Amino acid sequence: MREFVERLRARGDLMVVDKEIDPFHEMAAVTHNAMKRWGKPILFTNVKGTKFPVVTNVYGSRERLAEVIGIDADDFCRQWSNLANLGRGSGAPFVKAEEEERIDVKMSDLPLITYSDRDGGAYFTSAMFIAKDPDTGVGNLSYHRSMYINDEELRCRLAPRHHLTIYHEKAEAKGEYLEAAMLIGAPATSFLTAAAPLAYDADELEVAARLKGEPMPMRKCKHIDLEVPAETEIVIEGRFLPNERRLEGPFGEFMGYYVPEAPNAVFEVLGVNVRPNALFHSILCGSEEEVLTLELSVSANIFQRLSAALPGILNVTCQPFVNHAIIQIDPQFEGHARQVMLATIGAEPIWAKVITVVDADVDIYDMDDVMWATLTRCRPDKDMMIIPETPSFYRDEDKDHWGRLLVDATKPWGREEEFIRKTIRMTNDIDLSDWFDTE
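In this text the structure is predicted, and so the values were computed from the model without any measurement. (Residues numbered from 1 in each chain as written. Predicted model: local features only at pLDDT ≥ 70, side-chain atom pairs only at ≥ 80, totals over all residues. Heavy atoms only, no water.)

Visitor: Help me understand the pairing of strand 8 (residues 139-143), please; the structure alone is not making it clear to me.
Guide: Remark: a regular strand shows side chains that alternate across the two faces of the sheet. Of all the 5 residues making up strand 8, 4 are buried; the element is thus mostly covered by neighbouring parts of the structure. Relative to strand 8, strand 7 (residues 128-132) runs antiparallel, the two being bridged by 5 bridges. Each bridged residue has a counterpart across the sheet, and for Lys132 the counterpart in strand 8 is Gly139. Hairpin geometry of strand 7 and strand 8 is characterised by an intervening segment of 6 residues between the two adjacent antiparallel strands and by a positive phi of about 80° at Gly137. (Buried < 20%, exposed > 50% of the residue type's maximum accessible area, 1.4 Å probe, protein only. Helix = DSSP H or I, 4+ residues; strand = E, 2+ residues; numbered from the N terminus. Pairing = 2+ DSSP bridges.)

Written out as structure tokens, the structure reads:
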């Protein structure tokens, strides 16, 4: 991550704040407002109560995420659908790191950031957990919020169906601890693969190493039997306690609401070590840096599964939020869009609450354009379907997200010529400075 941050700084894309800032709500407020106005990464060099600078919004744009793996920003789905194959590439993905100084610190030495108004305490939001399946030894990277309790204890939200949750359940069924490390400021490619829709038996860190294009240096942990990327800025080593749940929360999550206080997993901290001059990576929950990664993951999953089953799938995105899937197609036959919509429910059973299918001439990254297609090409009583009583988001005890809305916003079959979009000649040739004084 440090190398990528320095690249952003060198070309003037990093905003640097030297004024002292309080991690208790003030930092979140400044970050929120600055991201809305400029959308750039921010480095806070003077954080009250800690010596560590905080960097945020590093991966908060489609363009920056694409840059990390060297692809075109508009071709994300196609590239991500190849991630699983990258994980099975030839050659060793890892190499033993050269000896590098690591400094031992306490949890309370780190920036303890409180984000939302009603949060139950300070949270670690950017840490990806690395752990191994107790049965197979296959590694996993994943994100889970963690509430700071003291120097020895964090409480973590391990959601149902997540791989780390399964590992934890396997270990505690045997009455055993599950060793894990929290990586803050890990290699940039691992930020992507930790959220990628990889198979259960795929190792996200191995995929990250192959995306990096060269073997990833690894080093052994001091307190647990795991290896971690050597260039990780901050490593928190510990273990999940078996058959132990303690209250965590409330917490302002990505959907824009508070998750109430509830019993969650307990992580025993065994040690914390950092690189010299380490950067602390923070993610403002609900911001583009968090939600965009989830949106890309869901989009890639839908694209991959639909492309394997149906022809004419051009692109997929989730806009303006992760539970609205927009699928761009080249219609091949009458009813093609309807088949795509129904197949999407099976391809993405959790997030695709609303599904809109559009033609190739619609910009799927522009919600105004998507709505234009819906309002001019979709007949509500014929081209919209409601699928009732269908589960969606897994944490939904009150069924607020049950049911699906399917919207066919493609041109009516057989009448395509009537729906050719108007264009204005020469718009791409005009330089407005030739006509207007803009200074």
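Visitor: Hey, could you run me through the pattern of salt bridges in this one?
Guide: Pairing between side chains of opposite charge can happen when their charged atoms approach one another. For the structure on display, the rule yields 27 salt bridges. Arg379 is the salt-bridge partner of Asp381, the closest N and O atoms lying 2.7 Å from each other. (Salt bridge = Lys/Arg side-chain N within 4 Å of Asp/Glu carboxyl O.)

Visitor: Is there a simple way to explain the sheet that holds strand 22 (residues 384-387) in this structure?
Guide: The strands that make up a sheet pair up through hydrogen bonds in the backbone, lying either parallel or antiparallel. Taken together, 5 strands build an open sheet; the order of strands is 19-20-21-23-22 and the sheet is mixed. Strands at the two margins of the open sheet, each flanked by one partner only, are strand 19 (313-318) and strand 22. With direction set aside, neighbouring strand axes in the sheet form an average angle of 15°. Sheet analysis places strand 19 next to strand 20 (residues 324-329), joined by 5 bridges and oriented antiparallel. Note on strand 20: the bridge partner recorded for Thr317 is Ile326. (Axes fitted to C-alpha atoms, helices over the stretch in contact; angles between N-to-C directions.)

Visitor: Is there a simple way to think about a negative patch on the surface in this case?
Guide: A cluster of acidic side chains, namely Glu63, Asp72, Asp74, Asp363, Asp366 and Asp368, defines a negative patch on the protein surface. Within the secondary structure layout, Asp72 lies in the loop between helix 3 (62-69) and helix 4 (76-80). (Patch = residues over 30% accessible without salt bridge, like charges linked within 9 Å, V, L, I, M, F, W, Y side chains within 5 Å. Areas by Shrake-Rupley, 256 points an atom, 1.4 Å probe, with all protein chains shown as cover. Lys, Arg positive; Asp, Glu negative; His and termini not counted. Charge placed at Lys NZ, Arg CZ, Asp CG, Glu CD.)

Visitor: Can you walk me through helix 6 (residues 163-173) in this structure?
Guide: Residue pairs three or four apart in sequence face the same way in an α-helix, which turns once every 3.6 residues. Listing the buried residues of helix 6 in full gives His163, Leu164, Thr165, Tyr167, His168, Ala171 and Glu172. Tucked into the core, helix 6 has its buried residues touching strand 7, strand 8, strand 11 (178-184), helix 8 (204-212), strand 14 (234-248) and strand 17 (262-274). Residue Gly175 follows helix 6 closely and has a positive phi angle near 75°. (Contact = heavy atoms within 4.5 Å.)

Visitor: What am I meant to see in the nonpolar core here?
Guide: Generally speaking, nonpolar side chains in soluble globular proteins are found buried as a group. Residues Leu110, Ile236, Phe240 and Phe267 are the most contacted members of the largest nonpolar core, which totals 46 residues. With 5 residues, strand 17 is the single largest residue contributor to this core. Leaving out residues up to four positions away in the same chain, Phe267 has contacts with Phe129, Glu152, Glu153, Leu154, Cys156, Ala180, Met182, Ile236, Glu237, Gly238, Arg239 and Phe240. With 42 residues, the next largest nonpolar core counts Met1, Val58, Tyr59 and Ala181 among its residues. (Core = buried A, V, L, I, M, F, W, Y, C linked by side-chain atoms within 4.5 Å.)

Interpretation in functional terms is not warranted from these geometric data alone.
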